[in-house]
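Take a look at the letters that make up each chain.
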Amino acid sequence: RSSYMSSVSKPDQSLLQSMLPTQDAGAAFAVGAEQAIGGHTSRSSVANGEAVRGRPQRRFEFLDPLRGMAATRVVLTHMGVVTVGYFAVLAFFVISGYCITAAAEAGIRKGMNFGTFLKRRIRRIYPPYFASVLFFVLTRIVKGFITEDYTQISRPIGVWIQNLTLTQWLSLTGNNKGYPYDSDALFVAAYWSLNYEEQFYIVVGLLMMVIVVMKV
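The model shown is predicted, which means the values in this text are computed figures rather than measured ones. (Residues numbered from 1 in each chain as written. Predicted model: local features only at pLDDT ≥ 70, side-chain atom pairs only at ≥ 80, totals over all residues. Heavy atoms only, no water.)

Undergrad: Can you help me understand the packing of aromatic side chains in this one?
TA: Any two aromatic rings considered together are summarised by their centre-to-centre distance and by the angle between their planes. Tallied over the entire structure, the rule returns nine aromatic pairs. Relative to Tyr129, the ring of Tyr126 has its centre 6.3 Å away and its plane inclined at 85°; by these criteria the two rings are edge-to-face. Within this pair, Tyr126 and its partner Tyr129 are both found in helix α7 (residues 114-147), separated by three residues, close to a single helical turn. On the basis of an interplanar angle of 50° and a centroid distance of 5.4 Å, the ring pair of Tyr126 and Phe130 is categorised as tilted. Taken together, the positions of Tyr126 and Phe130, both in helix α7 and four residues apart, correspond to about one turn of that helix. Assessed through its relative accessible area of 38%, Phe130 is described here as partly exposed. Each residue in the set Tyr126, Tyr129, Phe130 and Tyr191 is aromatic and connected to the rest through ring pairs, giving one cluster. (Phe/Tyr/Trp six-rings, centres within 6.5 Å; stacked < 30°, edge-to-face > 60°. Helix = DSSP H or I, 4+ residues; strand = E, 2+ residues; numbered from the N terminus. Buried < 20%, exposed > 50% of the residue type's maximum accessible area, 1.4 Å probe, protein only.)

Rendered as structure tokens:
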């Protein structure tokens, strides 16, 4: 490489240098992993391998428009404009699959354990989820004052616990209505997909633990 570089002009050397890899494949995936779960970094720090040592990274920005397009299709489906919401949800699952796996890979590099991984996932999903549950309850109380109909919040204590812990999937497994979003255990039908995402968190976290123990 050095003998070849000495035989070309300086402009050509600059071009060739820019085309040569500056980090190995493992470092590249670590960068992608950190970008997928958010953060900030400079290009120079990435090139110098600082990303692998656990420095914060910038987002993997191309995922944002994909999320936006999928979310738009779900909203339009609920409005009755299009009928592709089902496939948009599948797209969300694919995106989440990459992001969660990438986050786990980055966590393994940092020595993160199962508990820490789940705590980070919980901090990302539960605050907005609890806000939506609170909005649902408050609006149904107001509706009850107006219509004297409280059936939507007059649920068994077990259903309340499942909805507050995102474990409605315990009832979804016995759902015989054909589609998971038709389950009576859901306060809001759209919560069904979060149930499966939570299961994915648990499975990936357990796989992290197995990989660390077995040193795969």
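Moving on from the model shown.
Undergrad: Help me out: how do you make sense of the packing of helix α5 (residues 63-78) against helix α6 (residues 85-109) in this one?
TA: Geometry of a packed helix pair, given as the angle between the helix axes and the separation of the axes. Across the interface, α5 lies against α6 with an axial gap of 8 Å and an inter-helix angle of 150°. Classified by the angle their axes make, α5 and α6 are roughly antiparallel. Crossing hand, α5 versus α6: left-handed. Taking contact as the criterion, the partners of Leu63, Leu66, Arg67, Ala70, Ala71, Arg73, Val74 and Thr77 in α5 are, on α6, Gly85, Ala88, Val89, Ala91, Phe92, Ile95, Tyr98 and Cys99. Of the residues belonging to the contact of α5 with α6, the class tally is twelve nonpolar, two polar and two charged. (Axes fitted to C-alpha atoms, helices over the stretch in contact; angles between N-to-C directions. Parallel < 35°, antiparallel > 145°, perpendicular 65-115°, else oblique. Left-handed = near helix turned anticlockwise from the far one by under 90°. Contact = heavy atoms within 4.5 Å. Nonpolar A, V, L, I, M, F, W, Y, C, P; charged D, E, K, R; others polar.)

Undergrad: Hey, could you run me through the nonpolar core in this one?
TA: Soluble, globular proteins show a tendency: their nonpolar side chains are buried together. Phe117, Tyr129, Val133, Phe187 and Tyr191 are the most contacted members of the largest nonpolar core, which totals 27 residues. Elements with a contribution of two residues or more to this core: α5, α6, α7 and α10 (192-214). If you tally residues by element for this core, the top one is α7, at eight residues. Excluding its chain neighbours within four sequence positions, the residues that come into contact with Phe187 are Val133, Phe136, Arg155, Val159, Trp160 and Asn163. (Core = buried A, V, L, I, M, F, W, Y, C linked by side-chain atoms within 4.5 Å.)

Undergrad: Could you clarify how one ought to interpret unusual backbone geometry in this entry?
TA: Residues other than glycine predominantly adopt negative phi, and peptide bonds predominantly adopt the trans conformation. The phi dihedral of Glu148 is positive, around 60°, even though this residue is not glycine. Looking at where Glu148 falls in the secondary structure, it is placed in the loop between α7 and α8 (157-165).

Undergrad: How do you make sense of α7 when you look at a structure like this?
TA: Since the α-helix turns once every 3.6 residues, residues separated by three or four places project in the same direction. With 34 residues, α7 extends 47 Å between its outermost C-alpha atoms, agreeing within 8% with the 50 Å of an ideal straight helix rising 1.5 Å per residue. At Tyr126, α7 is deflected by roughly 30°, the largest bend along its length, and proline Pro127 occurs up to four residues later in sequence. The N-terminus of α7 is capped by Asn113, whose side-chain oxygen sits 3.3 Å from the backbone nitrogen of Gly115. Within two residues after α7, Glu148 carries a phi angle of roughly 60°, on the positive side. (Expected span 1.5 Å × (residues − 1). Bend = angle between axes of the 7 residues up to and from the residue. Polar contact = N/O pair within 3.5 Å; in protein donor to acceptor, adjacent residues only side chain to side chain.)

Undergrad: How should the pattern of salt bridges be read in this particular structure?
TA: When their charged atoms lie close together, side chains carrying opposite charge are able to pair. Scanning the model with the defined rule gives two salt bridges in all. One salt bridge connects Arg67 with Asp64, and the closest N-O pair in it is separated by 3.1 Å. Of the two residues, Arg67 and Asp64 are both situated in helix α5; the distance of three residues between them amounts to about one turn of the helix. On the basis of relative accessibility, which here comes to 30%, the residue Asp64 falls in the partly exposed class. Salt-bridge contacts for Glu105 lead to Arg109; the nearest nitrogen and oxygen are separated by 2.7 Å. Here Glu105 and its partner Arg109 are both found in helix α6, four residues apart, which amounts to about one turn of the helix. A relative accessible area of 36% places Arg109 in the partly exposed class. (Salt bridge = Lys/Arg side-chain N within 4 Å of Asp/Glu carboxyl O.)

Undergrad: Help me understand the side chain of Gln168, please; the structure alone is not making it clear to me.
TA: When you line up the elements, Gln168 lands in the loop between α8 and α9 (169-172). Within the structure, the side chain of Gln168 is placed 3.0 Å from the side chain of Asn163, a separation counted as a polar contact. Residues within four places of Gln168 in sequence aside, it is in contact with Tyr129, Gln162, Asn163, Ala185, Leu186, Tyr191 and Asn195.

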